[in-house]
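# Remarks on the overall topology
Okay, here's what each chain looks like letter by letter:
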Amino acid sequence: MSVLRLSALTRRIPESVWWGHSGLRTEVPGLRFRRLYSAAILRTEREKRKLVEQAQLVDVLEARIQQLRTDDFLDRKNSEVHVVNVSRVISKIRPPWNSHMPPRERPPHSEVQQLSQAQAHGSRWIEKLKQETWKRSKRQQHLQQKFKDNTSKGEKSAIQKGKIGTINTAVSENDDSVSNAACQLDLGEDLVINIYVENLLREVEEQGTSWDSLISSENVVEDQEGIRQGSVHLNIRAYLEACLFNDDLDQGQKCLHYFHRKVSRRKHLTIDLYNVMMRAWAKKGALKPVGKLFILVEEAGHKPNLQSYAAALECIGRSPGCSERMVRRCLQQLQEDDFTLHQLFESCMFQDGEQEMVLKAVHMVVPDFQPPALQEFKISSCPLVQDLYTKRDSVTYPKLDFTLEELRNRFRQQVVKEQSGTITIESVEASKPLLAHTIKMRGILQDLRAHWRKCLLEALRERKSQLASSRDKIWRMNLYPYLCLLEDDEYVDAMLQCIASLPPIGESLVIVAKELGSKIYNKYSIQKKVKIGMREKMGDIYTRYAKLLAKDTKPALLLPREKWLLLEAEQRCGLSALSEDMPWPDNLVIQLGMQLVDLMVQELKLQTNILNPEQEEKLISVLYHMYTFRSNRQVGFIKPHPIFTDILQRAMETTLTFDSHVMPMLCPPVPWTSSKFGAYVLVPSKLMRCLEGAVQHQLLLEKCPSEDLQPVLDSLNQLGNCAWKINQPVLDIIISIFNDKGNDSLNIPPPISEASEMPQFQLRDGACSQLEKAAFKRELSKYKKKMAEMQSLRMDALYKLSIANCMRDEIFWFPHNMDFRGRTYPCPPYFNHLGSDLTRAILLFAEGRPLGEHGLNWLKIHLVNLTGLKKRNSLPERLAYANEILEDILDSADNPLDGKKWWMAADEPWQVLACCMEIASAIRSPDHRKYISHFPVHQDGSCNGLQHYAALGRDIIGATSVNLMPCDVPQDVYSGVAQQVEEFRRLDAMNGVKIAQVLEGFISRKVVKQTVMTVVYGVTRYGGRLQIEKRLKEIDEFPKEYVWDASHYLVHQVFNSLKEMFTGTREIQDWLTESARLIAKLGSTVQWVTPLGLPIVQPYHRTKSLVVKGNIQSLNLQVGHDVTQLPDTVKQKNAFPPNFIHSLDSTHMMLTALHCHSAGLTFVSVHDCFWTHAVTVDIMNRICREQFVALHSQPILEDLSKFLLEKYSRRVPDRKSKKFMEYKRLLKLLFRVPQTGDFDLQKVKDSKYFFS
């Protein structure tokens, strides 16, 4: 019977229904639908064939081994070549989909017959192998003769270094069997790789898949349930959820039917989209629509999942008069789909009343059923943190210096702030006396905004009416549902806020549209959570969670993540799933923002004579849409009219309005418990930062087992729970200079009024040449660029100082997240401890600790470190220097602006001043050991990237250069490279190289430092040349006509010097680069997993043009992260080494954070710069070194090689294609892990200057 006839029967007989395989069906006598099991049969046959092929392969390999063993060149007694069981080798390198196969049972008769045939086929292979013996012996003789010829030329030592993961050679220099070992080396490697390739090819062929289909299947981004998450899918999901939020289920159903009707469009629909509508209809108890949706699911070829059955049971529970028979059929089908009721209650997260309704339906059939009891949480199996999680019987975690009631009050304040969406604060710009003219301008501005509000409200309602009518005539997805998510006034508020924040020079349309669209999305996400009761549920759990952190409660025995999950499980509220923020696609955000920008451009008007009534009255637009060129590309631009800018400047408003998430939190952040939940209470937040619109990172995190992410989440929670306060004396000094025209030398940007005058074009004799016009245009362009930079820097400083001034009497917190490499960042964008010297200087730990015996010494050493002086001196020498200049330190603290001003000449002047004040207070206290210090002391890694490379390669010379080796004085790698470059220059100058002679006396540490620092992170020779060029231009005495030649020469010498000093580093870097190049050539992006278990993927794909249509302009966006495009080979290979090292330094930081938290320390970091109290610096230094040694004691490169082999060896190209050669090169490269040196990692524990 067809589905249409079945639907008709459903409509005719709605009273008697029963649950079939995939839908709510009518019960007709004699009619029963059965599932087709053809796919399962095919899978069974495929498994049989695979079993036969494996048996055949084992026979062939055993025959090959026997042949090799009987061969004369492998049986020489003097050779120490060990022949391994090749079948065992293959099993070790077999991909994960074959590595966990169950033991083979005795096959049935039909399979025995097939196996006997395979054995006969294997005997034919043995005969064939025997026939090849003569050819191979000839080849061996040729190789032996060739090797003897090579060894006579001194190449014997090179062959001794050959090493393969499965066949080892151990020979002496004088052994005659070296040639045979070399032959075995080549033949053994080829044997393993060729057999491996043959095995993979056979599996691919029997599955009937091609290389192209394998590549395309990788590009389909799927979640943990295999649901595709493409751009179209996300647009449909966003549209459905918007319709349901507006309680417009009919439009959501129309959208689903629109894509379901045609097979070409149906491919974009996945089971989760059907579930969205099922849950919506289930809340209304509408059985008929839910039944139709189950039928549509079957038509689309999908299988209902647990959420589908949960919606069905909920619908039954809400529908009065439903029979037990219906529930019984539903539960029966649940079991037929290999699900259980326990799984349903464990996996599905329920909103208000949903679980009760599901239980109501279940109890109709199973009265005594109860949801499963709480399960114990799994613990991370990572060896680096296993002891941290399992051996903590005597560990109590630190608490905050707040009572339980204080924390609860702070939480309530934070909820109010987030729910409001925006916050308005006072600006720190000096408020000048209110003159009559200023009052008049503010009145004009107020009247304009009131008038604009009315115009925008009317225009918005008219636009919504137009979109609704056009959708009703011919149904199609448009922006109407998104313009109904909020109250009309909230859209207008967002638009007016956008106008006020526009810079005088304007902003690109893309940025303005994205900012507006993001504001709407954030407000919508907050209101959606409020609507489903998230605010109340979060309040209930947080009030109990605060007991873990409050100082007046029992000792803390659980980590924040563990405590929160335990509270969630006890209440069965599933906040982690309910608060899931489904992101809008980038094109939707921009399209919605463009719709609002279009309204602003069309409706916002003012009179030309508003400032001067004597002028002609004319109505003009406040905002102009224009075009400009950026990097030879035409870009749409939104620019405010000069009259409006003039009014804003004359009004001199003293308030700033920010989105609520821009401000620091007033309470400890919600702990990260999954990849979707944590940080803010209501504001949407991401665990992993990524390019706008990129979904592959989030989906990779969702597929990762929850226990594997535990160390990463716990480290982010530890960083976010650090409380801060403002250093008020330093802040007041900075604000005074900021309002007094700024100071470039102290990194306080001056106002635009201090800029030089605009260049004027002067005509000579009434004419000018083309060269003069071109020169003037260049000068004018430089002036405009300078003005834009001044405006940007000034506003950035204004935002930071205003936020700091607003929080001056508060205690606050910075929630943290990370980028796709694992590097951590505070979520608030403007004001945080990752900022400049200015912002770091005004931040203090809220918790204070006594300095103790050595705390004051560490403060003094920290001060000298901040000055940039004495970098080559030992710690005792730095301490002695601090005591010598104690008079200058105290003078700086007492008279920062009127004294000797010694602090102003430091590298980090504001942090130096703050440290001077802390030292002065400690010295003048009755007992400096009992002085309570809130000041953070830093310990910085010595060229941390090179430290990781040297540890990976166990490179003794490199390790010594970057202070992994204990030394009496710190080794400065930058000075060492500068000395090496100077030696190369001296030799070239003696040989008459002109540029080498010109550079005499100009090569210094400063010239090469930036290039040395960044070469480990993938800087190219071109980028390095630009860095050195900039340094040379800063030297006034250097002849400017030689800058290009000198920078070209020096970058070449810097790279040569690094190659001389860090041989192991270059080998590892080349291995990583070439691996990434071959992987990208084969059509895949590079992925790996950090030693802490964090999955990482590089999102670099070939650029794709995405056209976003709008009334005001169609935007052509260049998208570089679309997974449907091939990988960008250049970016993949250049980025892999630096990204891999970044993932290692983030792992080291996270390990240090976890162990410091366990030890009761306050700890935060700025990547490779670790902060703690002065009294705990020694403990942090010990933990930091121990964790570095523990990290690099893991087989990092070997594990990486194994992971890459398992992941990328499966995609075997066609033998006849060029990609097949690339594939074999990749396998050989991954088998050859770079050799390591003899450096003893344990010595790092004794190195004073590893971090100092």
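Residues take numbers from 1 onward in each chain, read along the sequence in its written order. This being a predicted model, a pLDDT of at least 70 is required before a residue's local features are given, and a value of 80 or more before pairs of side-chain atoms are given or counted; all residues contribute to the totals for chains, interfaces and linings. Excluded from the side-chain calculation are hydrogens and water; included are all heavy atoms of the structure.

## Section: the overall build of the protein
Our working definition: Where helices and strands are cited, they refer to DSSP runs of H or I of at least four residues and of E of at least two residues respectively, numbered from the N terminus. Exposure classes here rest on a 1.4 Å probe applied to the protein chains alone. A residue is buried below 20% of its type maximum, exposed above 50%, and partly exposed in between. Any pair of residues with heavy atoms lying within 4.5 Å of one another is described as a contacting pair. The Shrake-Rupley method, run with a 1.4 Å probe, gives the accessible areas here. Residue values count only the displayed protein chains as cover.
Helix and strand content of the protein: 49 helices and 23 strands. In the protein, buried positions account for 54% of the 1252 residues. Partitioning the contacts of the protein with sequence separation of at least 6, the portion at a separation of at least 24 is 76%. Accessible surface for the protein amounts to roughly 58,000 Å². Of this, 50% is attributable to carbon and sulfur atoms.

## A few points about the environment of Asp1145
Along the chain, Asp1145 turns up in helix H46 (residues 1129–1158). Accessibility expressed as a relative area gives 4% for Asp1145, which makes it buried. Distance in space between the C-alpha atoms of Asp1145 and Arg821 is 9.7 Å, their sequence separation being 324 residues. When sequence neighbours within four positions are dropped, the list of residues in contact with Asp1145 reads Arg823, Asn944, His948 and Tyr1017.

## Remarks on the side chain of Ser308
The line we're drawing: Here a polar contact is taken to be a pair of N or O atoms separated by no more than 3.5 Å, where protein atoms must pair a possible hydrogen donor with a possible acceptor and residues adjacent in sequence count only if both atoms sit in side chains.
Mapped onto the secondary structure, Ser308 falls in helix H15 (residues 306–318). For Ser308, the side chain forms a polar contact with the side chain of Asn275, separated by 2.6 Å. Excluding its chain neighbours within four sequence positions, the residues that come into contact with Ser308 are Ile271, Asn275, Met278 and Phe294.

## Looking at the pattern of salt bridges
Operational definition: Should a side-chain nitrogen of Lys or Arg be within 4 Å of a carboxyl oxygen of Asp or Glu, the pair is scored as a salt bridge.
Inspection of the entire model under this criterion finds 46 salt bridges. Here Glu653 and Arg449 are joined by a salt bridge, their closest N and O atoms 2.8 Å apart. Pair noted here: Glu653 is in the loop between helix H28 (642–651) and strand E9 (655–659) and Arg449 is in helix H21 (residues 436–473), with a separation of 204 residues, a long-range link. According to the relative accessible area criterion, Glu653 is partly exposed, its value standing at 36%. Residue Arg449 is classed as partly exposed on the basis of its relative accessible area, which comes to 26%. A single salt-bridge network, built from bridges that share partners, covers Arg237, Glu241, Asp272 and Lys528.

## Some thoughts on the sheet that holds strand E8 (residues 633–640)
Our working definition: Two strands qualify as a pair provided that DSSP identifies no fewer than 2 bridges between them.
Spatially, the 3 strands line up as an open sheet ordered E4-E8-E7, and their pairing is antiparallel. Each edge of the open sheet carries a strand with a single partner, namely strand E4 (507–508) and strand E7 (623–630). Where E4 lies against E8, 2 bridges are found, and the strand directions are antiparallel. Considered in E8, the bridge of Ser508 is made with Phe637.

## Remarks on the packing of aromatic side chains
Each aromatic ring pair is described using two quantities: the centre-to-centre distance and the angle formed by the ring planes. Applied cut-off: Classification of ring pairs uses Phe, Tyr and Trp, with its six-membered ring standing for Trp, and accepts pairs whose centres are within 6.5 Å; under 30 degrees between planes counts as stacked, over 60 as edge-to-face, and the remaining range as tilted. Lysine NZ or arginine CZ positioned within 6 Å of the ring centre and within 35 degrees of the ring normal marks a charge as sitting over the ring.
Considering all chains together, one arrives at 36 aromatic pairs under this definition. With a centroid separation of 5.2 Å and an interplanar angle of 90 degrees, the aromatic rings of Phe245 and Tyr524 are classed as edge-to-face. One end of the pair, Phe245, is in helix H10 (residues 231–245); the other, Tyr524, is in helix H23 (residues 509–531), with 279 residues separating them in the sequence. Residues Phe245 and Tyr524 agree in their burial class; the two are buried. Ring centres of Phe658 and Tyr830 lie 5.9 Å apart, and the angle between their planes is 55 degrees; this geometry places the pair in the tilted category. Of this pair, Phe658 sits in strand E9 while Tyr830 sits in the loop between strand E13 (824–826) and helix H33 (837–841), and the two are 172 residues apart along the sequence. Residue Phe658 is classed as buried on the basis of its relative accessible area, which comes to 5%. Three or more aromatic residues joined by ring pairs form one cluster here, namely Tyr239, Phe245, Tyr482, Tyr521, Tyr524 and Trp584. Across from the ring centre of Tyr258, 4.0 Å away, lies the NZ or CZ of Arg265, which sits over that ring. The ring of Phe738 carries the charged tip of Arg794 above its face, separated from the ring centre by 3.6 Å.

## Comments concerning the nonpolar core
Here is the rule we go by: The term nonpolar core refers to a set of buried residues drawn from Ala, Val, Leu, Ile, Met, Phe, Trp, Tyr and Cys, joined through side-chain atoms within 4.5 Å.
Core analysis: the biggest nonpolar cluster contains 148 residues, and Val385, Leu964, Phe1038, Leu1050 and Phe1140 have the highest contact counts within it. With 11 residues, H46 is the single largest residue contributor to this core. Every residue in contact with Phe1038, bar those within four places of it in the chain, is listed here: Val998, Leu999, Phe1002, Leu1032, Val1043 and Ala1046. By size, the runner-up hydrophobic cluster in this structure holds 112 residues, among which are Phe259, Leu445, Val597 and Ala651.

## Remarks on the environment of Phe350
Within the fold, Phe350 resides in the loop between helix H17 (341–347) and helix H18 (354–363). On the accessibility criterion, Phe350 (7% relative accessible area) is buried. With 39 residues separating them in the primary sequence, Phe350 and Ala311 have C-alpha atoms 10.0 Å apart.

## Digging into helix H47 (residues 1177–1192)
Defined as follows: To estimate how far a helix should reach, multiply one less than its number of residues by 1.5 Å.
Its 16 residues place the ends of H47 23 Å apart at the C-alpha level, agreeing with the 22 Å of an ideal helix rising 1.5 Å per residue. Every buried residue of H47 is listed here: Val1177, Met1180, Asn1181, Ile1183, Cys1184, Arg1185, Gln1187, Phe1188, Val1189, Leu1191 and His1192. The inward-facing, buried residues of H47 contact helix H34 (855–867), strand E17 (936–940), helix H38 (944–953), H46, strand E23 (1169–1173) and helix H48 (1196–1208).

## Notes on helix H30 (residues 710–720)
With respect to burial, H30 is a largely interior element, 11 of its 11 residues being buried. Every buried residue of H30 is listed here: Gln710, Pro711, Val712, Leu713, Asp714, Ser715, Leu716, Asn717, Gln718, Leu719 and Gly720.

## Here's the deal with unusual backbone geometry
Even without a glycine there, the phi angle at Asp247 is positive, about 60 degrees. Positive phi is not limited to glycine here, since Ala679 has a value of about 75 degrees. By the secondary structure assignment, Ala679 is in the loop between E9 and helix H29 (696–703). The class for Ala679 is buried, based on a relative accessible area of 1%.

## So, the environment of Val998
Relative to the helices and strands, Val998 is located in helix H41 (residues 994–998). On the basis of relative accessibility, which here comes to 16%, the residue Val998 falls in the buried class. In the structure, Val998 is positioned 48 residues away from Ala1046 in sequence and 8.2 Å away in space, judged by C-alpha atoms. Dropping the residues within four chain positions of it, Val998 is found in contact with Phe1038, Pro1039 and Tyr1042.

## With respect to the packing of H10 against H23
The test is simple: Here an angle of 0 to 180 degrees is reported between the N-to-C directions of two axes, which are lines fitted to C-alpha atoms, with helices fitted over the stretch in contact. Any angle between 65 and 115 degrees counts as roughly perpendicular, while under 35 counts as roughly parallel, over 145 as roughly antiparallel, and the rest as oblique. Crossings are classed by handedness, with left-handed meaning an anticlockwise turn of the near helix from the far one by less than a right angle and right-handed meaning a clockwise turn.
The geometry of H10 relative to H23 is characterised by a closest axis approach of 12 Å and an angle of 55 degrees between their N-to-C directions. The orientation of H10 relative to H23 falls into the category oblique. Crossing angle aside, the handedness with which H10 passes H23 is left-handed. Packed against H10, whose contacting residues are Glu241, Ala242, Leu244 and Phe245, the element H23 presents Tyr524, Gln527, Lys528 and Lys531 at the interface.

## Examining the confidence of the model for the protein
Cut-off, in case you're wondering: Confidence of the predictor at the level of single residues is captured by pLDDT, which takes values from 0 to 100.
Of the residues in the protein, 80% have a pLDDT of 70 or more, and the chain-wide mean is 81. Here residues 151–186 scores under 50 on pLDDT; set against residues more than four positions off or in separate chains, the count is 54 contacts. Across residues 223–227 the pLDDT falls below 50, and counting only partners more than four positions away or on other chains, this stretch makes 13 contacts in the model.

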